[in-house]
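Examining the three-dimensional arrangement
So the chains spell out like this:
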Amino acid sequence: MCGTDKKLGEIRALILVGGYGTRLRPLTLSRPKPLVEFANKPILMHQIEALVDAGVTQVILAVSYRADDMEKELTEQVSKLGVSLTFSHETEPLGTAGPLALARDLLSTSTEPFFVLNSDVICDFPFKELAKYHRSHGKEGTIVVTKVEEPSKYGVVCYKDDGQIESFVEKPQEFISNKINAGMYILNPSVLSRIELRPMSIEKEVFPFMARDGQLHAMELQGFWMDVGQPKDFLTGMCLYLTSLRQKNSNKLYDGACVVGNVLIDPTATIGKGCRIGPNVTIGPDVVVEDGACIKRSTILRGACVRQHAWLDGCIVGWRSVVGRWVRMENTTVLGEDVIVKDELYVNGGQVLPHKSIALSVPEPQIIM
Amino acid sequence: MLKAVILIGGPQKGTRFRPLSLDTPKPLFPIAGLPLIQHHIAACAKLEECKEILIIGSYTTNTMAQFVSDMQKEYHVIIRYLQEFAPLGTGGCLYHFRDQIRAGNPSAFFLLNGDVCADFPLKELWAFHAEKSEGLVTIMGTEATRQQSVHYGCMVRDPASKAVNHYVEKPNSYVSTLINCGVYVCSLQVFHTMAEAFEKKQNGFYSGNGQSGHPGYMSWEQDVLAPLAGTNKLYAMQVTNWWSQVKTAGSAIYANRHYLELNRGRLDGRTAPCQILPDVFLHPTAVVDSTAVIGPNVSIGAGVTIKAGVRIKESIVLNNATINEHALVMYSVVGQEAVVGEWSRVEGIPSDPDPNKPFAKMDNTPLFNTDGRLNPSITILGAGVVVPAETILLNSIVLPHKHLSRSFKHEIIL
């Protein structure tokens, strides 16, 4: 028993952080995507914490742009967890496989398998089970798959009852499987011989060949899964995440007079009288929600202020933004950092770039430069 | 002694004011807290010499009885309602009731269209008319833009004598920017002119010269004013006071704002129940939470309930309506007994005259544009309409007694 635990402890992980996170703009204009708080914690920290929980001691971040502040902030946060963080910088975007070749030296220092994950994924991370299952079948790689309702929009994975993957089919017109690649893998270092140092797709140029050789297995994910790389999915993912916290009877969920359903409120936030918060709301540190505001299915980021009698549904309110009195915002409205929405306005599906002050209603979805 | 006549038409008229006129006859629709034609009555009653006000229309006497009796008490002047039973037109009904108007031999009478609103300068108008010994009728005129003038009666005046040399009602091409405001002073001799016009109309009717309708039908503007032009019997006094027609529902909000401004001070002496941004008319029986914020340009009717954290601006809220917590109402009319749910937003689009054009008037745009789309206008909730909590109603019209179940934008809800 002790022996297996120790072995597990030597597992490394590589997280594909990638580029600028343009899909999550305007939030990512102010802060690198991995640092954008999802349910009051940077997206990346959800993954690193789960990895640490599974005994991972070294995390490699594959990034294609330099962001010194991000590196500093992450290193600081991660050091508390007792895990080392290494940045692997791409000089040109290398896709989803190329970064593995770039980090070849780090990944091939041991014969132990390593985790690879996309940075946008939020779920109940199954790293322990993944490692256990991977060792049990003894093949080169295992990918986590998740069930989706509409598989025709994705690439689906077909596999045998024992988990061995037979094929990948892009956007199938006829139903053949409802399982898709969940963006989390465990691979033996031998897989590195299949990867070249060039822009390369792991989904298209590596996995199909591993499957052909009978070297790739699938493990089905239990529970929720969401790629939170764009605002709409970010909010959907938040709802799923809060529901899972409720199912786990987490004491993190806020329980107060003005709260409806699953709500996360940072202890440093202040909530006024006569508000109705929830269901599915996350309120960050130092946020001020004034009297009589109603917030549903939204994320309010650090230092923002929602003024009296405002009504928000399906919104992300950026850091230090101010939502005026009697404002109505809905339909995936995203305010960037330090945005001011003047009193009594209506914002329907507005994407507002940072440091903007809005004095006119936005009745139809629109990007406000 | 002077008299005044107010022409209010009937239920078949003023349909562009629907759905506001579905519940209340248009002349009685409250603007700045007073029925539309009470503003006329107040202006007439202010004149010491004015001893009698005759209201002529085709609404039933029942419809008007309460109002007439209320006015009588309030203004201490004789007020009577005369019902016309046949569609006689603006001239025809006046002629029909000529004996009532002439009774007591007044020196002149004011004639006011019920569907205009203005800061009626009746004293100045009377003084102007009294100077013109030849004059039978003096028209209150105002400046309009070239484009908009053709929607009104257009007048060409002699610059020195102020006599009207030419009068055309709603011309097809530009005639003059001086337009007829629908406010007049008439000498009793005008009935002689009307008798001639009446005879001409009747002859036409019985000789079957393409005349249809009622034999007594006569248009004041076309059959009386137009022929008087160029005879030195018709004058126009140009004013710069505020004036507007009230045709569409949207003009109610515009008129509300101006009447509130004119009547400023009516609330003075009362303690405001909440934060008020002037001008606001608040009926004394309205129940308003201290955390609400009301104004500018809001009229709140009798028995209205306004709950905590409500915001209302540029709107009219009719009797016994309820606005629930945190709701926002702007550029809208909330009907009698209507209910707006908590955190709901009822928002219209103002259809004010172009502020960048001098002398621009309210554009009385039709409900739909040529592409069949609803033109932007104020939002109207008919009587008894219920707007559920947390919804938005934008640029929409809801007919009476409808209970909505969701948000609506740019729609008419039947």
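Keep in mind it's a predicted model, so treat the numbers as computed, not measured.

Parameters and conventions
Residues numbered from 1 in each chain as written. Chains lettered and ligands numbered in written order. Predicted model: local features only at pLDDT ≥ 70, side-chain atom pairs only at ≥ 80, totals over all residues. Heavy atoms only, no water. Helix = DSSP H or I, 4+ residues; strand = E, 2+ residues; numbered from the N terminus. Rg over C-alpha atoms; globule rule 2.2 N^0.38 Å. Contact = heavy atoms within 4.5 Å. Areas by Shrake-Rupley, 256 points an atom, 1.4 Å probe, with all protein chains shown as cover. Lys, Arg positive; Asp, Glu negative; His and termini not counted. Charge placed at Lys NZ, Arg CZ, Asp CG, Glu CD. Pairing = 2+ DSSP bridges. Axes fitted to C-alpha atoms, helices over the stretch in contact; angles between N-to-C directions. Buried < 20%, exposed > 50% of the residue type's maximum accessible area, 1.4 Å probe, protein only. 1 Å grid on protein atoms, 1.4 Å probe; cavity = no way out; pocket = protein on both sides within 12 Å on 5 of 7 lines; lining within 4 Å. Points joined across faces, edges and corners; volume = space filled by probe spheres on them. Nonpolar A, V, L, I, M, F, W, Y, C, P; charged D, E, K, R; others polar. Domains from an automatic or database assignment. UniProt positions renumbered as here; feature names shortened; annotations may be inferred. Buried area = accessible area lost by both parts, 1.4 Å probe. Salt bridge = Lys/Arg side-chain N within 4 Å of Asp/Glu carboxyl O. Polar contact = N/O pair within 3.5 Å; in protein donor to acceptor, adjacent residues only side chain to side chain. Phe/Tyr/Trp six-rings, centres within 6.5 Å; stacked < 30°, edge-to-face > 60°. Lys NZ or Arg CZ within 6 Å of the ring centre and 35° of its normal.

1. Some remarks on the overall build of chain A
Helix and strand counts for chain A come out as 9 helices and 31 strands. For chain A, the C-alpha radius of gyration of 22 Å lies close to 21 Å, the compact-globule estimate for 369 residues. Along the first, second and third principal axes, the C-alpha atoms of chain A reach 60 × 50 × 40 Å. Partitioning the intrachain contacts of chain A with sequence separation of at least 6 by distance along the chain shows that 50% fall at a separation of at least 24. Put simply, chain A shows about 15,700 Å² of open surface, and 50% of that area lies on carbon and sulfur atoms. On chain A, the mean spot of the 40 positive side-chain charges and the mean spot of the 44 negative ones are 2 Å from each other.

2. A short note on the sheet that holds strand E21 (residues 305–306) of chain A
Residue and element names in this part refer to chain A. Strand order in this open sheet of 6 strands is E15-E18-E21-E24-E27-E30, and the pairing throughout is parallel. Here the strands that pair on one side only, and so sit at the sheet edges, are strand E15 (270–271) and strand E30 (357–358). Bridge count for E21 against strand E24 (residues 322–323) is 2 bridges, and the pairing is parallel. Across the sheet, the residue bridging to Cys 305 is Val 322, located in E24.

3. Digging into the sheet that holds strand E29 (residues 350–352) of chain A
Residue and element names in this part refer to chain A. Here we have 7 strands laid out as an open sheet, ordered E14-E17-E20-E23-E26-E29-E31, and parallel in their pairing. The sheet terminates laterally at strand E14 (263–265) and strand E31 (366–368), the two strands that pair on one side only. With strand direction ignored, the average angle separating the axes of adjacent strands in the sheet is 5°. Direction of pairing for strand E23 (residues 315–317) relative to strand E26 (residues 333–335): parallel, over a ladder of 3 bridges.

4. Some thoughts on the pairing of strand E6 (residues 114–118) of chain A
Residue and element names in this part refer to chain A. Counting buried positions over the 5 residues of E6 gives 4, a clear majority of the element. Pairing geometry for strand E1 (residues 12–18) and E6, over 5 bridges, is parallel. From the neighbouring strand, Arg 12 faces E6, where its bridge partner is Phe 114. Taken together, the 4 bridges between E6 and strand E11 (residues 179–187) define a ladder with antiparallel strand orientation. In the sheet register, Phe 115 faces E11, and the bridge partner there is Ile 186.

5. Looking at empty space enclosed by the protein
Evaluated as defined, the whole model comprises 2 cavities of 30 Å³ or more. Quantified by volume, the largest cavity comes out at close to 70 Å³. Lining the largest cavity are His 309, Trp 311, Trp 326, Val 327 and Arg 328 of chain A together with His 326, Ala 327, Leu 328, Trp 343, Ser 344 and Arg 345 of chain B. In terms of residue class, the lining of the largest cavity is made up of 6 nonpolar, 3 polar and 2 charged. Roughly 50 Å³ of volume is contained in the second largest cavity. Contributing to the lining of the second largest cavity are Pro 19, Leu 20, Asp 23, Thr 24, Phe 29, Leu 318, Gly 335, Gln 336, Ile 380, Leu 381, Gly 382 and Ala 383 of chain B. Inspection of the lining of the second largest cavity shows a minimum of three residues originating in each of domain 1 (2–245) and domain 2 (272–413) of chain B.

6. Notes on the layout of surface pockets
Residues and elements named next belong to chain B. Size it by volume and the second largest pocket reaches roughly 1,300 Å³. As for the second largest pocket, its lining consists of 47 residues, of which Lys 13, Thr 90, Asn 113, Asp 115 and Lys 247 are closest to the centre. Counting residues per element, the lining of the second largest pocket draws most heavily on strand E11 (residues 178–186), which supplies 4 residues. Taken together, the residues of the lining of the second largest pocket sort by class into 18 nonpolar, 19 polar and 10 charged. Two domains each put at least three residues into the lining of the second largest pocket: domain 1 (2–245) and domain 2 (272–413).

7. Quick look at the environment of Met 140 of chain B
Along the chain, the position of Met 140 of chain B falls in strand E8 (residues 137–143). For Met 140 of chain B and Val 164 of chain B, which are 24 residues apart along the polypeptide, the C-alpha to C-alpha distance reads 11 Å.

8. Let's talk about the UniProt feature "domain: Mannose-1-phosphate guanyltransferase C-terminal" (unreviewed entry) in chain A
Look at the UniProt record and you will see "domain: Mannose-1-phosphate guanyltransferase C-terminal" (unreviewed entry) annotated at residues 259–368 of chain A. Counting secondary structure, residues 259–368 of chain A comes out at 0% helix and 43% strand; the distance between its end C-alpha atoms is 32 Å.

9. Quick look at the interface of chain A and chain B
Contacts between chain A and chain B engage 20 residues on the former and 20 residues on the latter. Contact between chain A and chain B buries roughly 1,500 Å² in total, counting both sides, with carbon and sulfur atoms accounting for 46%. Together, Trp 326, Arg 328 and Glu 344 of chain A form the three largest contributors to the area buried by chain A at its contact with chain B, with a combined 43%. Here chain A is connected to chain B by 5 salt bridges. Glu 344 of chain A serves as the salt-bridge partner of Arg 311 of chain B, at 2.5 Å between the closest nitrogen and oxygen. Here chain A is connected to chain B by 16 residue pairs in polar contact (both at pLDDT 80 or more). Only strand E19 (294–296), strand E25 (328–330) and strand E28 (346–348) of chain A provide two or more residues apiece to the side of chain A that touches chain B. Its residues assigned to classes, the side of chain A that touches chain B comprises 9 nonpolar, 5 polar and 6 charged.

10. Section: the domain arrangement of chain B
By a frequent convention, interface size equals the accessible area lost on bringing the separate parts together. Residue and element names in this part refer to chain B. Assigned domains within chain B: domain 1 (2–245) and domain 2 (272–413). Put simply, the middle of domain 1 and the middle of domain 2, counted by C-alpha atoms, are 32 Å apart. Each partner contributes residues to the interface: domain 1 has 21 residues there, and domain 2 has 20 residues. Taking both sides of the interface into account, the surface hidden between domain 1 and domain 2 amounts to around 1,600 Å²; carbon and sulfur atoms contribute 63%. Along the contact surface separating domain 1 from domain 2 lie 0 salt bridges. Run the count over domain 1 and domain 2 and you get 2 residue pairs in polar contact (both at pLDDT 80 or more). Where the side of domain 1 that touches domain 2 is concerned, the elements lending two or more residues are helix H1 (20–23), E8, helix H7 (146–149) and strand E13 (243–245). The residue inventory of the side of domain 1 that touches domain 2, partitioned by class, reads 10 nonpolar, 8 polar and 3 charged.

11. Thoughts on the packing of aromatic side chains
All chains considered together, the criterion is met by 13 aromatic pairs over all chains. Judged by centre distance (5.3 Å) and plane angle (85°), the rings of Phe 38 of chain A and Phe 234 of chain A are edge-to-face. Placement of Phe 38 of chain A in strand E2 (residues 37–38) and of Phe 234 of chain A in helix H9 (residues 231–247) is noted, with a sequence separation of 196 residues between them. Across the pair, exposure class does not vary: Phe 38 of chain A and Phe 234 of chain A are buried alike. Plain terms: the ring middles of Phe 109 of chain B and Phe 191 of chain B are 5.7 Å apart, the flat faces sit at 15° to each other, and that makes the pair stacked. Remark: Phe 191 of chain B occurs in helix H8 (residues 190–206) and Phe 109 of chain B occurs in strand E6 (residues 108–113); sequence separation between them is 82 residues. For the pair Phe 109 of chain B and Phe 191 of chain B, a shared accessibility class is recorded, and that class is buried. Three or more aromatic residues joined by ring pairs form one cluster here, namely Phe 38, Phe 224, Phe 234 and Tyr 241 of chain A. Here Lys 132 of chain B stacks its cationic end above the ring of Phe 128 of chain B, 4.6 Å away from the centre of that ring.

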